[in-house]
Amino acid sequence: MKIRSVALAATLALAAALPAVAQEKVLNLYSARHYQTDEALYANFTKATGIRINRVDADDAGILARLKSEGSASPADVILLVDAARLWRAETDGLFQPFKSAVLEQRIPATLRGTDAGQGSQWFGLSTRGRVIVYNKASVTKDDVDTYEELGDPKNKGKVCTRSGSHPYNLSLFGAVMQHLGEPATEAWLKGVVANMARAPKGGDTDQIKAVASGECRIAVTNTYYLARMMRSANPDDRAVVEKVGVVFPNQSSWGTHMNIAGAAIAKNSPNLAAARQFIEYLASDSAQTYFADGNNEWPAVPSVKTANPALAALGAFKAETIPVAVTGANQTKVQQMLDRVGYK
């Protein structure tokens, strides 16, 4: 009886321990990406690794606010954001942690990563998009808008429309311009852009494209993926808009077109560090990079990965700027002060 009792006790102890041994592997993902093709991307990771992804969706600002409010109790492992300025801001706010990865350092160009002070970068770009100029083909010639500087040239007075100057996409662009032109020239340029506006800033990038096509304004700035999305749309109205606008990759004779990124970071208090690193490395794989390109009409961050996206192919080859995207984020505070001074809302 005593042996039998000991055996029973051992069996019960083993049964109690089994859930801990067989505990499901989970990765907590806070994502500002909201694209249907990403579902397959995440499902493939789970299939390959057995790690289930528990996703929280919000925009960039919402995710950063949540991380700050959760503090050290945050369950977040990986953060996906869609703008270099916000990646930089989150890094300076202490929301990420540096990490080393030979895979990412080999595949992701140094210009598309956060700075490395010796412990590794705090974030890595995963896809890129250009910030281009669109114009009304019936009333504007391409030569009048083939540089960013011309957005502030008096010849384009009353023609320009944009979304808010303080939107991260514009802050990143303006931060890049400041890096190229210097502070005084950039502020003078921004003042010129304000003077050239056809209306007060409002709406998103798609709204700017439609405003150019309708004649509400004649020149606007947009991220390439918004334009490519309309080019691939099954909606005849979208295709009609595209037919009325031309597109310019600015500054091909100087520093090249400004590029922004979507990128990933490991949260400062990640409880699943190994899985977090594994997931970000997966996002730099050839298959995942193709999903990024096809799903949201962006270029892969890994230079060797090619895409068959017809809209990106139609946009053609161009010269991209080569300054580190981290620099454009770091310039955003000074840029915002300029915007306030020149009245760019």
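S.K.: Which residues make up the packing of helix 8 (residues 205-214) against helix 9 (residues 224-231), and what values do they have?
M.R.: The angle between the axes and the distance between the axes are what describe a pair of packed helices. Orientation of helix 8 relative to helix 9, taken along the N-to-C sense of each, is 65°, at an axis distance of 9 Å. Once helix 8 is placed against helix 9, the crossing between them reads as right-handed. Across the interface between the two elements, Asp-205, Thr-206, Ile-209 and Lys-210 from helix 8 touch Tyr-226, Leu-227 and Met-230 from helix 9. Taken together, the residues of the contact of helix 8 with helix 9 break down into four nonpolar, one polar and two charged.

S.K.: Describe the environment of Asp-60, with residues and values.
M.R.: Mapping Asp-60 onto the fold places it in helix 3 (residues 60-70). For Asp-60, a relative accessible area of 2% puts it in the buried group. When the C-alpha atoms of Asp-60 and Arg-86 are compared, they prove to be 7.2 Å apart, with 26 residues separating the residues in sequence. Discounting residues that sit within four places of it in the chain, Asp-60 has contacts with Ala-32, Leu-81, Val-82, Asp-83 and Arg-86. Of the polar contacts made by the side chain of Asp-60, one reaches the backbone nitrogen of Val-82; its length is 3.3 Å.

S.K.: Which residues make up the pairing of strand 3 (residues 78-81), and what values do they have?
M.R.: Residues Val-78 and Leu-80 of strand 3 are buried on one face, and the alternating residues Ile-79 and Leu-81, pointing to the opposite face, are buried as well. Here strand 1 (residues 26-31) runs beside strand 3; their pairing, made up of three bridges, is parallel. Bridge assignment links Ser-31 to a residue of strand 3, and that residue is Leu-80. In this structure, strand 3 lies alongside strand 9 (residues 259-267), joined through four bridges in antiparallel fashion. Paired with Ile-79 across the two strands is Ala-265, which belongs to strand 9.

S.K.: How would you sum up the packing of aromatic side chains? Please name residues and give values.
M.R.: Tallied over the full model, the rule gives 10 aromatic pairs. With 5.2 Å between their ring centres and 45° between their planes, Phe-45 and Tyr-282 make a pair best called tilted. Note that Phe-45 is positioned in helix 2 (residues 37-49) and Tyr-282 in helix 11 (residues 273-283), a separation of 237 residues in sequence. Note on Phe-45: relative accessible area 1%, which makes it buried. A relative accessible area of 15% means that Tyr-282 is categorised as buried. One aromatic cluster in this structure is built from Tyr-42, Phe-45, Phe-279 and Tyr-282.

S.K.: How would you explain the layout of surface pockets if you had to name every residue and give the values?
M.R.: Space inside the largest pocket adds up to approximately 520 Å³. For the largest pocket, the lining is made up of 25 residues, of which Thr-128, Met-259, Trp-299, Phe-318 and Ala-320 are closest to its centre. At the level of elements, strand 10 (299-300) and helix 13 (310-315) are the ones that each hand at least two residues to the lining of the largest pocket. Here the lining of the largest pocket is composed, by residue class, of 17 nonpolar, six polar and two charged. What the second largest pocket holds in volume is close to 190 Å³. What lines the second largest pocket is a set of 14 residues, among which Ala-32, Asp-59, Asp-60, Val-82 and Tyr-169 lie closest to the centre. Secondary-structure elements contributing two or more residues to the lining of the second largest pocket are helix 6 (168-181) and helix 9. At three residues, the largest contribution of residues to the lining of the second largest pocket is made by helix 9. Class assignment for the residues of the lining of the second largest pocket results in seven nonpolar, two polar and five charged.

S.K.: Report on the packing of helix 6 against helix 15 (residues 332-342), specifying residues and quantitative values.
M.R.: Two elements in contact, helix 6 and helix 15, have axes whose closest approach is 9 Å; the angle formed by their N-to-C orientations is 100°. Comparing the axis directions of helix 6 and helix 15 gives the class roughly perpendicular. Contact residues: Leu-171, Phe-174, Gly-175 and Met-178 in helix 6; Gln-332, Lys-334, Val-335, Gln-336, Met-338 and Leu-339 in helix 15. Its residues assigned to classes, the contact of helix 6 with helix 15 shows six nonpolar, three polar and one charged.

Rules and cut-offs
- Residues numbered from 1 in each chain as written.
- Predicted model: local features only at pLDDT ≥ 70, side-chain atom pairs only at ≥ 80, totals over all residues.
- Heavy atoms only, no water.
- Axes fitted to C-alpha atoms, helices over the stretch in contact; angles between N-to-C directions.
- Helix = DSSP H or I, 4+ residues; strand = E, 2+ residues; numbered from the N terminus.
- Left-handed = near helix turned anticlockwise from the far one by under 90°.
- Contact = heavy atoms within 4.5 Å.
- Nonpolar A, V, L, I, M, F, W, Y, C, P; charged D, E, K, R; others polar.
- Buried < 20%, exposed > 50% of the residue type's maximum accessible area, 1.4 Å probe, protein only.
- Polar contact = N/O pair within 3.5 Å; in protein donor to acceptor, adjacent residues only side chain to side chain.
- Pairing = 2+ DSSP bridges.
- Phe/Tyr/Trp six-rings, centres within 6.5 Å; stacked < 30°, edge-to-face > 60°.
- 1 Å grid on protein atoms, 1.4 Å probe; cavity = no way out; pocket = protein on both sides within 12 Å on 5 of 7 lines; lining within 4 Å.
- Points joined across faces, edges and corners; volume = space filled by probe spheres on them.
- Parallel < 35°, antiparallel > 145°, perpendicular 65-115°, else oblique.

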